[in-house]
Amino acid sequence: MRKNRSAALAAASFLLLTGAGIAAAPSAFAGTPGGTHADDRNSDFNGDGYEDVLVGAPGATVSGQKGAGLVTVQYGSTRGIGTSNVARFSQSTAGVAGAAEAGDGFGKAVASGDLDGDGFDDAIVGIPGEDIGDTADAGGVAILWGSKNGLTGAASDWLQTQEPTKGEQFGVGLTAAHFTNDTPGDLLAVLDRDDLELFGYEAAPQARAGERAPLRRTATERLSAAAEQHDILPKSLTTGDYDNNGYADLVVSGVTEGSEPGHGWSLHYAGAADGLSYRGELRGGPAAASGDINHDGYDDLVTGEPASPDDGGETMTGGLVGVRYGDENGLKDEAKWWTQDTEGVPGVAERGDGWGADLSVADTNGDGYADVAIGAPGEDIGTVADAGAVWVLRGGEYGMTATGAKSFDQNSADVPGVAEKGDKWGAQVRLTDPNRDGRFGLLAAAPGENAGDGTVWVLSAGTGGITAAGSWTYNAQALGAPGTGAAFGAAVDE
């Protein structure tokens, strides 16, 4: 529980609207002061040039409190990631704000960015179940600062909404990027059930001490007021430089409410030197990821709609993935839509597959074209319900293609484990390259594995892209953290 500290975060004027290794290239600007370019992947916590991996386990029991939650970080190296060079953080870690309490869900959302512009990326942890005073599930966000020694709980910082309300779940969605020149570091974007809030430094970093928070709220927007045509319940955030102007753009993805609920829609904000500006609504969501699929210098937006009603109000079978390409004007109006029934895509679309529940975009074979990983945690494997599966579709000159498409599940050759009911393999997918060889391997999380303990699978990348050969697994216990009911892998930083 946190006491209300909103006075320490005075609002500014509203600015927004007008063990083994795997084969991700680290941030191009990480490890250098002010390394906050739009292309920065924002996950090098110790500034050594290798991408690190941040995983949430929001169901973990900490200090005897069930569901208090924790996060782990695995530091990248020439050998990739393993189970030894690891750190663990919770609200029972010395220096981390608050206290571990049942149901907090520390780590239900995670993100990273160089918020203070010191060249070390910082970890942002969402705690949407946090109670503020007597206000249940108001939510909060913890900032773990990066350093030459990696993440530390010491002098961590705390953010919350200005006027906490019951069930607000501040911190349910997070991202950070170089959206504008307003601050020396990345701006942090935080979602709750209704609003989008931005936080950033207004001046050079100063000493952090006591109750003074170094971040200041720079903008708050009621998303229901921003949407022109639809009442959108926000679920996730993604960033990409869709117009290649050197500033990250922001997409808030969710589903519609009201008279036609459950359809995926997103809100698009364009970044520029003088601030973010609202560009309008886009069909697609609630999952989203970004990357340059056709290697034309403009990032592209991929959205996933794992369960959407059709025109008759019935749930769409299988799931839907949309690709919207960037150009000098930003994201194009037209999107190309994909399902498991699209020619060349392995499998068959079936009700409840959840194809597109999570997405990741990066180059898996080093050819310069970003590929797309697609999770389908509801996929049945034979007669085993909701065992889950993952697809990888390749990028190319003309965009995403089914040529060379691959799919994996726990019954695939060389993949450890066995498909079991409710594993939800692929609930989280991340393409990452912590050994800096230019080929992004796959992390596939199954938070339902072992009755909710959760496990992450590591599939390497070679010249032919993702391969199951040599794949391996780890869970919270392997990283020295409590694992029973942890839902390890329920959140993995992109």
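Just so we're clear, the structure is a prediction, and the values are computed from it rather than from any experiment.

Analysis parameters
Residues numbered from 1 in each chain as written. Predicted model: local features only at pLDDT ≥ 70, side-chain atom pairs only at ≥ 80, totals over all residues. Heavy atoms only, no water. Phe/Tyr/Trp six-rings, centres within 6.5 Å; stacked < 30°, edge-to-face > 60°. Buried < 20%, exposed > 50% of the residue type's maximum accessible area, 1.4 Å probe, protein only. Helix = DSSP H or I, 4+ residues; strand = E, 2+ residues; numbered from the N terminus. Salt bridge = Lys/Arg side-chain N within 4 Å of Asp/Glu carboxyl O. Pairing = 2+ DSSP bridges.

1. Focus: the packing of aromatic side chains
At step 1: Inspection of the entire model under this criterion finds seven aromatic pairs.
At step 2: Taken together, a centroid distance of 5.5 Å and an interplanar angle of 40° make the contact between W472 and Y474 tilted.
At step 3: Exposure remark for W472: the relative accessible area of 13% places this residue in the buried category.
At step 4: Ring geometry for Y474 against F488: centres 5.8 Å apart, planes inclined by 70°, an arrangement best described as edge-to-face. Of the two residues, Y474 sits in strand β31 (residues 472-474) while F488 sits in the loop between β31 and β32 (491-492), which places them 14 residues apart along the sequence.

2. Here we look at the pattern of salt bridges
At step 1: Applying the stated criterion across every chain yields a total of nine salt bridges.
At step 2: For E197, the salt bridge is made with R217, and the minimal N-O distance between the two is 2.3 Å. With E197 in strand β10 (residues 195-200) and R217 in strand β11 (residues 216-222), this residue pair connects regions lying 20 residues apart in the sequence.
At step 3: Two residues, D371 and R394, come together in a salt bridge whose shortest N-O distance is 3.5 Å. Within this pair, whereas D371 is found in strand β23 (residues 371-376), its partner R394 is found in strand β24 (residues 389-394), the two being separated by 23 residues in sequence.

3. Let's talk about the pairing of strand β9 (residues 187-191)
At step 1: When you tally the buried positions in β9, you get five out of five residues, the bulk of the element.
At step 2: Of the two faces of β9, both are covered, the one formed by L187, A189 and L191 as well as the one formed by L188 and V190.
At step 3: Where strand β8 (residues 173-177) lies against β9, five bridges are found, and the strand directions are antiparallel. Residue pairing across strands places A176 opposite L188, the latter belonging to β9.
At step 4: Where β9 and β10 come together, four bridges link them in antiparallel fashion. Bridging across to β10, L188 finds its partner in F199.
At step 5: Turn length for the β9-β10 hairpin, with the two strands adjacent in sequence and antiparallel, is three residues.

4. Some points on the pairing of strand β13 (residues 249-256)
At step 1: Here β13 lies mainly inside the structure; eight of its eight residues are buried.
At step 2: The pairing of strand β12 (residues 232-240) with β13 spans eight bridges and is classified as antiparallel. Each bridged residue has a counterpart across the sheet, and for L233 the counterpart in β13 is V255.
At step 3: Where β13 lies against strand β14 (residues 264-270), six bridges are found, and the strand directions are antiparallel. Within the sheet, the bridge partner assigned to V251 lies in β14 and is H268.

5. Re unusual backbone geometry
At step 1: The omega torsion of the bond from G285 to P286 falls at 10°, within 30 degrees of zero and hence cis.
At step 2: With respect to the element layout, P286 can be found in the loop between β15 (277-283) and β16 (287-291).
At step 3: Backbone geometry places N450, a non-glycine residue, at a positive phi of 55°.
At step 4: Here N450 is to be found in helix α2 (residues 449-452).
At step 5: Look at A451: it is not a glycine, yet its phi comes out positive at around 60°.

6. Here we look at the sheet that holds strand β1 (residues 53-57)
At step 1: The strand order across the open sheet built from four strands is β3-β2-β1-β32, with neighbouring strands paired in antiparallel fashion. The sheet is open, and its two borders are formed by β3 (86-89) and β32, each paired with just one other strand.
At step 2: Bridge count between β1 and strand β2 (residues 70-74): five bridges; the pairing is antiparallel. Residue L54 lies in a different strand from β2, and its bridge partner there is V73.

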